[in-house]
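For reference, the chains in residue letters:
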Amino acid sequence: MHDDPRFVRSRESLRSTLHRLVLTTPLADISVSLLCREAGGHRTTFYRHARSVRDLAIAEFVADIQKLTTVPVEPSTEALRDVARRYEHSLQQVLELVAGERAVYRALFGSYAHDSFPAALVTVMRPQALKAVHVFRTQGVPGAPSTDHECEEAAAFIAGAFVGVIDTWVTSGETDATAAARRITHLMPGWWPHPDTSAPGPGGETPV
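Fair warning: this is a prediction, and the values are worked out from it, not measured in the lab.

Visitor: Would you mind showing me how to read the overall build of the chain here?
Guide: When helices and strands are tallied, the chain shows nine helices and zero strands. Traced from its N-terminal end to its C-terminal end, the chain shows the element sequence α-α-α-α-α-α-α-α-α. For the chain, with 208 residues in total, the buried portion stands at 45%. Within the chain, counting contacts between residues at least 6 apart in sequence, those at least 24 apart form 64% of the total. Within the structure as shown, the chain displays about 10400 Å² of accessible surface, and the carbon and sulfur contribution to it stands at 54%.

Visitor: I keep staring at the side chain of Thr69 and nothing clicks. Help me out?
Guide: By the element assignment, Thr69 lies in helix H4 (residues 53–69). Given a relative accessible area of 6%, Thr69 falls into the buried group.

Visitor: I keep staring at the pattern of salt bridges and nothing clicks. Help me out?
Guide: For side chains of opposite charge, pairing can occur when their charged atoms come near one another. A full pass over the atoms with the stated rule returns ten salt bridges. Of the charged contacts in the structure, one is a salt bridge between Glu174 and Arg183, with a shortest N-O distance of 3.1 Å. Among the charged side chains, a salt-bridge network with shared partners connects Arg11, Arg15, Glu60 and Asp64.

Visitor: Hey, could you run me through the packing of aromatic side chains in this one?
Guide: Aromatic ring pairs are reported here in terms of the distance separating the ring centres and the angle at which the planes meet. Tallied over the full model, the rule gives eight aromatic pairs. A ring pair is formed by Tyr87 and Trp192, whose centres lie 6.0 Å apart and whose planes are at 85°; its orientation type is edge-to-face. Linking Tyr87 in helix H5 (residues 80–100) with Trp192 in the segment after helix H9 (177–185), this pair joins segments that are 105 residues apart in sequence. Both rings, one in Phe136 and one in Trp191, keep their centres 6.4 Å apart while their planes meet at 65°; by these two values the pair is edge-to-face. Of this pair, Phe136 sits in helix H7 (residues 116–138) while Trp191 sits in the segment after H9, and the two are 55 residues apart along the sequence. By relative accessible area, Phe136 is classed as buried at 0%. Of the residues examined, Trp191 reaches a relative accessible area of 16% and is grouped as buried. Among the aromatic side chains, those forming a connected cluster through ring pairs are Phe61, Tyr105, Phe109 and Phe117.

Visitor: Quick question: what am I supposed to make of the confidence of the model for the chain here?
Guide: Atomic detail in the predicted coordinates should be set aside for any region of low pLDDT. Overall, the predicted model of the chain reaches an average pLDDT of 85, with 88% of residues at or above 70. In this model, residues 198–208 is a region of pLDDT below 50 whose contacts with residues beyond four sequence positions or in other chains number 17 contacts.

Visitor: How should I be thinking about H4 in this particular structure?
Guide: Residues separated by three or four positions in an α-helix point in the same direction, a consequence of the helix having 3.6 residues per turn. Taking 1.5 Å per residue as the helical rise, H4 with its 17 residues ought to reach 24 Å, and the 24 Å between its terminal C-alpha atoms agrees with that figure. When we look at burial in H4, the residues that qualify are Val53, Leu56, Ala57, Ile58, Glu60, Phe61, Val62, Asp64, Ile65 and Thr69. Of the surrounding elements, those touching the buried residues of H4 are helix H1 (5–22), helix H2 (32–39), helix H3 (43–46), H5, helix H6 (102–110) and H7.

About the criteria used
Residues numbered from 1 in each chain as written. Predicted model: local features only at pLDDT ≥ 70, side-chain atom pairs only at ≥ 80, totals over all residues. Heavy atoms only, no water. Helix = DSSP H or I, 4+ residues; strand = E, 2+ residues; numbered from the N terminus. Buried < 20%, exposed > 50% of the residue type's maximum accessible area, 1.4 Å probe, protein only. Contact = heavy atoms within 4.5 Å. Areas by Shrake-Rupley, 256 points an atom, 1.4 Å probe, with all protein chains shown as cover. Salt bridge = Lys/Arg side-chain N within 4 Å of Asp/Glu carboxyl O. Phe/Tyr/Trp six-rings, centres within 6.5 Å; stacked < 30°, edge-to-face > 60°. pLDDT = per-residue confidence, 0-100. Expected span 1.5 Å × (residues − 1).

Now the structure itself:
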């Protein structure tokens, strides 16, 4: 059904209409009827896509971030600085996305969807953080988690911290995503390798 051109067109219409409405209307005040009326569609069509406006908003905008945080890595073959650099670049792209649609993300973080949206972000970012943690564990980075349980804890910690950072970025007026991503990278655990090999990490160690 997702390959049906009509399904794709109606989804995009709902998404673009929701994007426009969120700029002027609190998310909690956007009903299915209002969204469908503005999109020129029907309620029956809407319910093929989502159970509620909140669910549609969360699914669509979390998916945008998920695309940017999907970082392919190989546990045993990649240079650690390259893995760290790739994750920093991913974070930079997320911050650029959020800065470009700040009003939308402010609505998602600040509305009645507040609890659901960050939780959904953590859910999609946690596996990506776990990939990096496994790389650093496999390659024997000093101080990196050494058991599966510790890796899961570290991934949960990192994903939660990133979502908190995105929330803070949303409410700021900052626009330099490159500088912000570099600054945030230096807040990572001391064992996290740094992409800049000319400077020590936060714990004073030389990057790998």
